[in-house]
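Here are the chains, one letter per residue:
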Amino acid sequence: MDRQALLRFLGRRLVSVVFLIFGVTAVTFVITTQVPGDPALAVLGPDAIDDERAVEAFRQRYGLDQPLPVQYGRYVRNLARGDFGESQLTRRPVSRDLWRAFPATIELAVVAISLAVVCGVTFGVAAAMHRDRLIDRVLRVVSLAGVSMPVFWLAIVAFYFLSFRLGWFPGVGRLTPGLVPPPQVTGLYTVDAALAGQWDVYWDALRHTLLPGLVLASVSAGQLTRFTRSAVLEVVSMDYVRTASAKGLPGRIIVTRHILRAALVPVVTLLGLIFGTVLTGTVLVEQIFSWPGMGRYAFRSAINLDLPAIMGVAVVVAVLYITINFIVDVLYSIIDPRIRLG
Amino acid sequence: MKPLNRRGLLWLALLMTLILAAAACGTDPDEPVAEPDPADPDPDVADDLPFDTLIVDQASINRSADVHNETSVEGRMQFRLTYQTLLKFEADDITEPVPWLAESMEVNDDNTEFTFTLRQDAVFSDGSPVTAEDVVFSLNRLKHLAGPAAWLMEGVTPEEIDSSTVVLRTDEPMPELPMLIPNPALGIANAAVLREHGASADEDAAETDEAGAFFESDSAGSGPYVITRWEDDQEMILERNENYWADDAPPFQRIVFRATDPATQRLAIQTGETHIAIDVVPDDVAGIDPSGLEILLEPGFILWYLQSTASTDVHPIAGQPDFWEGVRYAIDYEGILEIGGEDAVQVCGLMPFQVMGALPDEDCVERDLDRARAAFERAGATGDHEPIEMEYGTDLALDGLSVVPVAERLQANLAEAGVNVTLRPALMATALDRWRDGQSDMGLWSVSMRHPDPSSYLVLAPGGASGLRANWEADMAPHIADLAEQARTETDPDRREELFQEWQRAMLEESPIFPLMQIARAIIHDERLTGIQAHGLYRIDMYAVDFR
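This write-up is about the structure you can find in this document. No experiment lies behind these values; they were computed from the predicted model shown. (Residues numbered from 1 in each chain as written. Chains lettered and ligands numbered in written order. Predicted model: local features only at pLDDT ≥ 70, side-chain atom pairs only at ≥ 80, totals over all residues. Heavy atoms only, no water.)

### A closer look at the state of the cysteines
All names here are of chain B.
Point 1. Counted according to the given criterion, the structure contains one disulfide over all chains.
Point 2. With a sulfur-sulfur separation of 1.6 Å, Cys 348 is cross-linked through a disulfide to Cys 364. Here the disulfide of Cys 348 and Cys 364 is left-handed, its torsion about the S-S bond being about -45 degrees. A residue pair is termed long-range when its members are at least 10 positions apart, and Cys 348 in the loop between β14 (345-346) and α11 (369-379) and Cys 364 in the loop between β14 and α11 qualify at 16 residues. In this structure, Cys 348 and Cys 364 share a single accessibility class: buried. (Disulfide = S-S within 2.5 Å. Helix = DSSP H or I, 4+ residues; strand = E, 2+ residues; numbered from the N terminus. Buried < 20%, exposed > 50% of the residue type's maximum accessible area, 1.4 Å probe, protein only.)

### Description of the packing of helix α11 (residues 251-288) of chain A against helix α12 (residues 294-303) of chain A
All names here are of chain A.
Point 1. Interhelical geometry of α11 versus α12 gives an angle of 95 degrees and a closest axis separation of 7 Å. Our classification of the angle between α11 and α12 gives roughly perpendicular. Residues Thr 282, Val 283, Glu 286 and Gln 287 of α11 form the contact with α12, whose own contacting residues are Met 294, Gly 295, Arg 296 and Phe 299.
Point 2. Broken down by class, the residue content of the contact of α11 with α12 amounts to three nonpolar, three polar and two charged. (Axes fitted to C-alpha atoms, helices over the stretch in contact; angles between N-to-C directions. Parallel < 35°, antiparallel > 145°, perpendicular 65-115°, else oblique. Contact = heavy atoms within 4.5 Å. Nonpolar A, V, L, I, M, F, W, Y, C, P; charged D, E, K, R; others polar.)

### Some points on the packing of aromatic side chains
Point 1. Taken as a whole and assessed by the stated rule, the structure comprises 18 aromatic pairs over all chains.
Point 2. With a centroid separation of 5.3 Å and 75 degrees between ring planes, the pair formed by Tyr202(A) and Trp203(A) is classed as edge-to-face.
Point 3. With relative accessibility at 14%, the residue Tyr202(A) sits in the buried group.
Point 4. The exposure class of Trp203(A) is partly exposed, given its relative accessible area of 33%.
Point 5. Between Phe51(B) and Phe252(B), the aromatic rings sit 6.1 Å apart at their centres with planes inclined by 10 degrees, giving stacked as the arrangement. Here Phe252(B) lies in the loop between β9 (235-240) and β10 (254-259) and Phe51(B) lies in the loop between α1 (6-25) and β1 (53-58), a separation of 201 residues in the sequence.
Point 6. A relative accessible area of 1% places Phe51(B) in the buried class.
Point 7. In this structure an aromatic cluster arises from ring pairing among Phe22(A), Phe29(A) and Tyr72(A). (Phe/Tyr/Trp six-rings, centres within 6.5 Å; stacked < 30°, edge-to-face > 60°.)

### So, the sheet that holds strand β20 (residues 513-518) of chain B
All names here are of chain B.
Point 1. Read across the open sheet, the six strands follow the order β14-β20-β13-β19-β15-β18; overall the sheet is mixed. The open sheet has two edge strands, β14 and β18 (421-426), and neither has a second partner.
Point 2. Two strands pair when backbone bridges link them, and strand β13 (residues 303-308) and β20 are joined in this way by four bridges, in the antiparallel orientation. Each residue of the ladder has a partner; that of Gln 307, found in β20, is Ile 513.
Point 3. Its contacts with the sheet put helix α13 (residues 428-436) on β13, β15 (388-393), β18 and β19 (442-447), and the angle it makes with β15 is roughly 130 degrees. (Pairing = 2+ DSSP bridges.)

### A look at the nonpolar core
Point 1. Within the largest apolar cluster, 166 residues are counted, with the highest numbers of intra-cluster contacts made by Phe257(B), Phe323(B), Phe376(B), Trp503(B), Met517(B) and Met542(B).
Point 2. Counting residues in hydrophobic clusters, the runner-up holds 54 residues, among them Val215(A), Leu270(A), Val278(A) and Ile288(A). (Core = buried A, V, L, I, M, F, W, Y, C linked by side-chain atoms within 4.5 Å.)

### Observations concerning the interface of chain A and chain B
Point 1. Facing 67 residues of chain A, the contacting portion of chain B comprises 59 residues.
Point 2. Taken together, the two surfaces of chain A and chain B that pack against each other cover about 5900 Å², and 57% of this comes from carbon and sulfur.
Point 3. Our enumeration of links across chain A and chain B arrives at five salt bridges.
Point 4. Ionic pairing is found between Arg300(A) and Asp232(B), a salt bridge with its closest N-O pair at 2.3 Å.
Point 5. Summed over the shared surface of chain A and chain B, the result is eleven residue pairs in polar contact (both at pLDDT 80 or more).
Point 6. Sorting the residues of the side of chain A that touches chain B by element identifies α2 (39-44), α3 (52-61), α5 (94-129), α7 (151-165), α9 (199-236), α11, α12 and α13 (307-335) of chain A as the ones contributing at least two each.
Point 7. No other element matches the seven residues that α9(A) contributes to the side of chain A that touches chain B.
Point 8. Of the residues assigned to the side of chain A that touches chain B, the class counts are 37 nonpolar, twelve polar and 18 charged. (Buried area = accessible area lost by both parts, 1.4 Å probe. Salt bridge = Lys/Arg side-chain N within 4 Å of Asp/Glu carboxyl O. Polar contact = N/O pair within 3.5 Å; in protein donor to acceptor, adjacent residues only side chain to side chain.)

### Focus: the pairing of β9(B)
All names here are of chain B.
Point 1. Most of β9 is tucked away: five of the six residues are buried.
Point 2. Relative to β9, strand β8 (residues 225-231) runs antiparallel, the two being bridged by six bridges. Looking at β9, one finds that Glu 231 is bridged to Glu 235.
Point 3. Once β8 ends, the chain turns through three residues before running back antiparallel as β9, passing Asp 233 with a positive phi of about 65 degrees.
Point 4. Examined bridge by bridge, β9 and β10 share five bridges and lie antiparallel to one another. Residue pairing in the sheet places Met 236 in a bridge with Phe 257 of β10.

### Observations regarding the pattern of salt bridges
Residues and elements named next belong to chain B.
Point 1. In total, this model carries 46 salt bridges over all chains according to the counting rule given.
Point 2. Here Asp 437 and Arg 436 are joined by a salt bridge, their closest N and O atoms 3.3 Å apart.
Point 3. Classification of Asp 437 by relative accessible area gives partly exposed; the value is 41%.
Point 4. A residue is classified by how much of its surface remains accessible, and Arg 436, at 17% relative accessible area, is buried.

### Some remarks on helix α3 (residues 132-145) of chain B
Along an α-helix, residues three or four apart share an orientation, since each turn contains 3.6 residues.
Point 1. The end-to-end C-alpha distance of α3(B), which contains 14 residues, comes to 20 Å, matching closely the 20 Å that a straight helix rising 1.5 Å per residue would cover.
Point 2. In terms of residue burial, α3(B) counts as a mostly covered element, since twelve of its 14 residues are buried.
Point 3. Lining the buried residues of α3(B) we find α3 of chain A together with β5 (113-118), β6 (156-162), β7 (165-170), α5 (191-196) and α6 (205-208) of chain B.
Point 4. Just downstream of α3(B) lies Ala146(B), where phi reads positive at about 55 degrees. (Expected span 1.5 Å × (residues − 1).)

Structure follows, in structure tokens:
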């Protein structure tokens, strides 16, 4: 790939990130502040709400006694300096909360997306190569089920059968209770445990990611299976594939070198969307599995009208989306050299 | 550009699959894993103990690890294992506080001076003695942080007399103060340690105190445990305090409090992953396999009530006493109890039956549809009128029960008596906002026990905090407000009880507040444990927990 083209592309993306973040903060701020409700009441609770001094101290501390434009201006100014403000609920810097929650979600998302890609692409190819046969029908039903099942329901059912009944997976949380987390370097327990050489913690952490990861992967794997199947079927009927077949190339070579390569281009496009699906799913899955990630943090912040936390989550998710889409675009050009970054 | 290396990609995929498969295989029970398994005996535990790490699941844990900045019900159970108070309640008695860090308490005749003499043998986790300076610092810090628990010290000024004597002076007579003292938010912390970490007890502590981070992985109390880890909305880990001064410590080396969804708790308690599950929904209890478990199901301490506005400006019909009478007799109290579960009970007065002064069953209001219809007729509630809205929080679940079906049942009850009420669900943060501003026509709310004394429920009186939410001013029912004040300041216990009962009976006749029920709450625990029972203030008194 042309390095200069990549740098130009990166530069344009970075500029657009600034505008996007500004837009995201503005929209989130307007929506959140328009929700009727008083954060002081939500956080301090009904017992303390008659304590005028407590309410006043709360409003002063978080600038809620200022007009909305002033509050927003102050937020943007602090954000430009990398300061996300202080969570009204936890009374800690939002950046610190995010630094704890974000890796937890990323760890889960990586497992979920990996499982979804491996299963989705494999099943999709298998279904297409055995079109209208039993395996195709079974996989179509399974993928449809994956797409259709509500993720919170699936989470409860999966936990009940696979963890509670069969004991194949451990319980909730990121680690078995009582096990001390590894020293934080990346915040990904598996990586941090490996770096610290704590292999018992590593295996425990990895085991805890599997079931919520599988649940999160189910919807995306279903989408990917269906998408891959369609893409492969489209490619299979092309002349160059028939030619390769006529030349007597083995089926494995035809699939991996000729079909999958071409079929992967639209599939990669879907990865960006899958990332979105996984992030949305974490709100519910993290709740069921007591997973202290962004989804759980966002949910709790939202119902308590914790504005700095909500804004922090929105900004991080926006940046994440932009980054993922950037990676998808670059992958695009790697998989198909005819595509140029422009 | 070089084409993609297919082989590399395949190897990567294979490697990832192998890692995942290996991890899945790691679930093999024979696989040696170093972490303590709560279901199995711990190799490090003394031979006569089944396990040394106790795991307790709740729907949520304390929002802050700072004892002076937290007053949630969830936090009380944990904090009192680390920070002790001058007085405490025993596990089975919430009617009378007993000495704890204080060995005695003296009260002056007009209940404005409370003198505490500290015991000499109590020490903090670093071995230093608990002194009057620590007490004054802790109580002032609670007061001046202006956090959610600051109201506990409203109108109270602590003063050090000597190193082992503290006086709490109140602005006005406060006979209920001894009932407030056992609240774990009034826990006594080591002043020197907290100061070292940026804590302040000065009047500007709300702006200057910087000790928040300290509390997340440390503590400075005199209880049998120290906090080693607190993760918001995740877990709090306590380790045994080797310098503990008394001999009433629970037998566990470590206690882990986890925030766990109620549905998950139900499963976790059955697998043995957790030892105590506190928030399993009562309706789900029937489906639990009881082997190896003990299930306690008894009415909780939260009082559910319906409230109408007392202002005809807010609603011209709902603000009338005739309308209130109609509502009072239109409610099918037994039907409401069906939703609350088998062990739910009707609240006959305005406080849970476990509290001194609660009214007996004979005082319970019974449904009388004819009387309700007649009252509604007088109020003009049966014809065409501005819609009457009933508000409630959709995200509110009290003792595990959602308020939504209760609101729907109440709507149906009122319709049977000829009044159409529109439901207005909202997020709690929104619903509470309108409630605080007195904008609700009607609302379905609850009141928790602030302290285990009948005065805790005087917020419902005319002119009280909750009464004012209904726009029910003291001068709208002066005789009831007067009864409330008499009951609050009376010092003779028998007369006090009588006055609280008189006050409640008057409220049942005339107020726009309609008590409904206390629902059952479930505590499920490992049968190897004993001493577990619901506590009105602490949820569970963990000091009483032991092996059977």
